[in-house]
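Inside the fold
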Amino acid sequence: MARRLSYSARYKHPAEVLYRAQSTRKYWDDMMAGFQMISPHCSVESFTADETGIRVILKQTIGRDQLPSIAQTVLMRDMVITREESFGPFDPDNTKGTYAASIPAGPGSLNGWQELFPTETGCTIRRTSEVKDFVPFVNGKLEQLMLVNLVDLYRAEAEYAADWVTKNL
């Protein structure tokens, strides 16, 4: 059974400014450089921004010894996460996109959709994630762990985005 999570990050910047930031390779390279404090092996594997929208593929390796014990029972080696994010062309009312994360021989899946829209005080990115674990007997615990970690990740990325936009645009 899959579990869902919705998370909204609110920004004081206009939607167009946040979209413009994510349309630059430097934004993603800087984010991966920040992740290197947690896991030294992370990179932007692919980046495209054009009239059709934004598409980025990120890769991050987390050492098995850094994983929670329940995850270590399932993964026998380091966890390599490939993450793909996209947004369509900028729409001043509501820009839509998707994201997914995969782990080779991993215990589950993560898929979702995101939307960027204006608010009276700036803009919001709302992400709706669906996590599914394929390991019998521990799937509920792993799914819950994945959701908790997603909230932490989304919160950190929202703080990063706000700070990056303030410093760079």
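Here is what the cut-offs are and how they apply
Residues numbered from 1 in each chain as written. Predicted model: local features only at pLDDT ≥ 70, side-chain atom pairs only at ≥ 80, totals over all residues. Heavy atoms only, no water. Pairing = 2+ DSSP bridges. Helix = DSSP H or I, 4+ residues; strand = E, 2+ residues; numbered from the N terminus. Axes fitted to C-alpha atoms, helices over the stretch in contact; angles between N-to-C directions. Contact = heavy atoms within 4.5 Å. Core = buried A, V, L, I, M, F, W, Y, C linked by side-chain atoms within 4.5 Å. Buried < 20%, exposed > 50% of the residue type's maximum accessible area, 1.4 Å probe, protein only. Salt bridge = Lys/Arg side-chain N within 4 Å of Asp/Glu carboxyl O. pLDDT = per-residue confidence, 0-100.

On to the pairing of strand 2 (residues 41-50). Strand direction decides the pairing type here: strand 2 and strand 3 (residues 53-62), joined by 9 bridges, are antiparallel. Residue pairing for strand 3: T48 is matched across the bridge by R55. Turn length for the strand 2-strand 3 hairpin, with the two strands adjacent in sequence and antiparallel, is 2 residues.

The subject of this paragraph is the sheet that holds strand 2. Across a sheet, paired strands are connected by hydrogen bonds in the backbone, their directions being either parallel or antiparallel. What the 7 strands build is an open sheet, ordered 1-7-6-5-4-3-2; its pairing is antiparallel. Each having just a single partner strand, strand 1 (3-11) and strand 2 make up the two edges of the open sheet. The mean angle between the axes of side-by-side strands here comes to 15 degrees, regardless of whether they run parallel or antiparallel. Relative to strand 5 (residues 95-102), strand 4 (residues 79-87) runs antiparallel, the two being bridged by 6 bridges. Residue pairing for strand 5: S86 is matched across the bridge by T98. Across the sheet, helix 2 (residues 25-35) is in contact with strand 2, strand 3 and strand 4; its angle to strand 2 comes to roughly 165 degrees.

Turning next to the nonpolar core. Grouped together as the largest cluster of nonpolar side chains are 41 residues, with contacts concentrated most on Y11, L18 and L116. Of the residues forming this core, the biggest block, 9 residues, is contributed by helix 4 (residues 139-168). Here L116 is in contact with A15, L18, Y19, F87, N94, T95, C123, T124 and I125, once residues within four sequence places are set aside.

With that settled, consider the pattern of salt bridges. Considering all chains together, one arrives at 10 salt bridges under this definition. Between R126 and E115 there is a salt bridge; the shortest N-O distance is 3.2 Å. Linking R126 in strand 7 (residues 122-133) with E115 in strand 6 (residues 108-119), this pair joins segments that are 11 residues apart in sequence. Taking relative accessible area as the criterion, R126 reaches 31% and is therefore assigned partly exposed. Taking the relative accessible area as the measure of exposure, E115 reaches 18% and is therefore buried. Among the salt bridges present, the one from D163 reaches K167, with a minimum N-O distance of 3.1 Å. Here K167 and D163 lie together in helix 4, a separation of 4 residues that amounts to about one turn. For K167, a relative accessible area of 62% puts it in the exposed group.

For the protein chain, the mean per-residue pLDDT works out to 90, and 95% of the residues sit at or above 70. Highest mean pLDDT in the protein chain belongs to helix 1 (residues 15-22) (98); lowest belongs to helix 3 (residues 69-72) (71).

Once that is clear, we can look at the environment of K59. Within the secondary structure, K59 sits in strand 3. Of the residues examined, K59 reaches a relative accessible area of 31% and is grouped as partly exposed. Along the backbone, K59 and S102 are 43 residues apart, and their C-alpha atoms lie at a distance of 9.7 Å. In contact with K59, other than residues within four places in its own chain, are M32, H41, C42, S43, E45, V80, I81 and T82.

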